[in-house]
Amino acid sequence: MKMDKVKLSIVSLSLLVLGTTFYSCNKGKIVSTGDVSITDVVKAKFSSAVSISTKGIGRKERIILKSNGLPEHKTPYWGSGHALYEDFPSGHAPNANTTMESQTYVMKIPTNPAEASSKEETSLGEIGMALNGVAIYNDREGGNVSLDAMTLSTFDNSGAHPTPGKNYHYHTTGKYTSVDDAKLIGFLRDGFPIYGRKDMTGEYPTLDEYGGHYGPTEDFPNGIYHYHASNVNYLNSGYYILKAGSYYGTKGNFTK
Ligand SMILES: [Zn+2]
Ligand SMILES: [Zn+2]
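If you're wondering where the values come from, they're calculated on a predicted model, not measured in any experiment.

Now for the sheet that holds strand E8 (residues 160-162). Read across the open sheet, the 8 strands follow the order E8-E9-E5-E4-E10-E11-E13-E12; overall the sheet is mixed. With one partner strand each, in any of the chains shown, E8 and strand E12 (212-215) form the two edges of the open sheet. Note: strand E4 (residues 128-130) against strand E10 (residues 184-188), 3 bridges, orientation antiparallel. Each residue of the ladder has a partner; that of Ala130, found in E10, is Gly186. Relative to E10, helix H2 (residues 38-45) is tilted by about 130°, and along the sheet it contacts E10 and strand E13 (224-228).

Take the coordination of the zinc ion (ligand 1) next. Within the protein, Glu141 (OE), His161 (NE2), His169 (NE2) and His171 (NE2) serve as the donor atoms for the zinc ion (ligand 1), at 2.0 to 2.3 Å. Seen from the zinc ion (ligand 1), its 4 donor atoms lie at angles of 85 to 147°, and the figure they make is irregular. The sequence pattern describing where the donors of the zinc ion (ligand 1) fall on their chain is E-x19-H-x7-H-x1-H. Owing to a relative accessible area of 1%, His161 belongs among the buried residues under this scheme. Relative accessible area serves as the criterion here: at 1%, His169 is assigned to the buried category.

What follows concerns the coordination of the zinc ion (ligand 2). All of the protein donors around the zinc ion (ligand 2) are Asp199 (OD), His213 (NE2), His226 (NE2) and His228 (NE2); their distances to the metal are 2.0 Å. Around the zinc ion (ligand 2) sit 4 donor atoms; with metal-centred angles ranging over 96 to 128°, the donor geometry is tetrahedral. Summarised as a motif, the one-chain spacing of the donors to the zinc ion (ligand 2) is D-x13-H-x12-H-x1-H. Taken together, the residues span a long stretch of sequence, with Asp199 in the loop between strand E11 (193-195) and E12 and His228 in strand E13 at a distance of 29 residues. Exposure class is identical for Asp199 and His228. Each is buried.

What counts and how
- Residues numbered from 1 in each chain as written.
- Chains lettered and ligands numbered in written order.
- Predicted model: local features only at pLDDT ≥ 70, side-chain atom pairs only at ≥ 80, totals over all residues.
- Heavy atoms only, no water.
- Pairing = 2+ DSSP bridges.
- Helix = DSSP H or I, 4+ residues; strand = E, 2+ residues; numbered from the N terminus.
- Contact = heavy atoms within 4.5 Å.
- Axes fitted to C-alpha atoms, helices over the stretch in contact; angles between N-to-C directions.
- Donors = N, O, S within 2.8 Å, 3.2 Å for Na, K, Ca; no water.
- Tetrahedral: all angles 85-135°; square planar, octahedral: opposite > 155°, others 65-115°.
- Buried < 20%, exposed > 50% of the residue type's maximum accessible area, 1.4 Å probe, protein only.

In structure tokens, the structure reads:
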């Protein structure tokens with residue numbers, strides 16, 4: 001009888017220690033992608049303008065994506081006379097940063113992303129990379145304020161413009177990425193993919209507070225946690241924010 005109690009205590013104590021260890025490493029459960037490898041999807045879906053390699057093993061394995069950050073598509077920010085120049089949408093004009101320049105982006109994402117036990121807010125600057133190597137930004141501008149109508153009027157057809165550092169970046173969906181569809185747009189720094197406003201069923205999904213949910217996508221038919229562009233017509237501008245708020249997972253490095 002006494003022995004049983006001791007055994008029970010040891011078991012309880014072990015569970016407590018295990019539980020503490022589990023939570024203290026600030027990582028949640030790895031999100032299942034069925035039998036589909038994120039590395040394979042990244043290699044298949046990113047354009048040849050993005051160089052892809054992997055480093056490390058197991059939970060520490062990372063996919064390293066390198067790009068120059070320039071779009072392969074038309075935008076007025078190429079400058080008039082350039083082969084890829086096209087006009088601004090009606091009523092729009094360039095911001096003070098009239099040109100864009102080549103960057104040396106390096107994004108490192110986990111090959112096995114997990115839900116973070118403590119969620120971190122996205123911040124100004126690069127929060128992910130689109131399939132063509134262009135940086136993805138959240139819904140904020142300099143001064144960490146929400147995008148306003150004035151800033152929106154500097155967007156091209158892709159919901160993009162350059163920073164003072166001449167980094168061209170997407171804030172919203174657009175003509176050359178996704179328009180009211182279920183297309184894969186890119187990956188955020190926590191290793192989770194981001195899709196257009198629709199699921200592959202053609203429906204607008206119900207999203208959690210991080211702008212994502214778990215379910216099947218064209219690339220991960222067995223299901224994966226994934227983000228979607230917001231389905232809110234932002235300030236009635238016709239632009240749809242790609243990502244606002246916190247990451248679902250733990251963000252990896254993004255250097256430039
Ligand atoms: Zn911006
Ligand atoms: Zn979905």
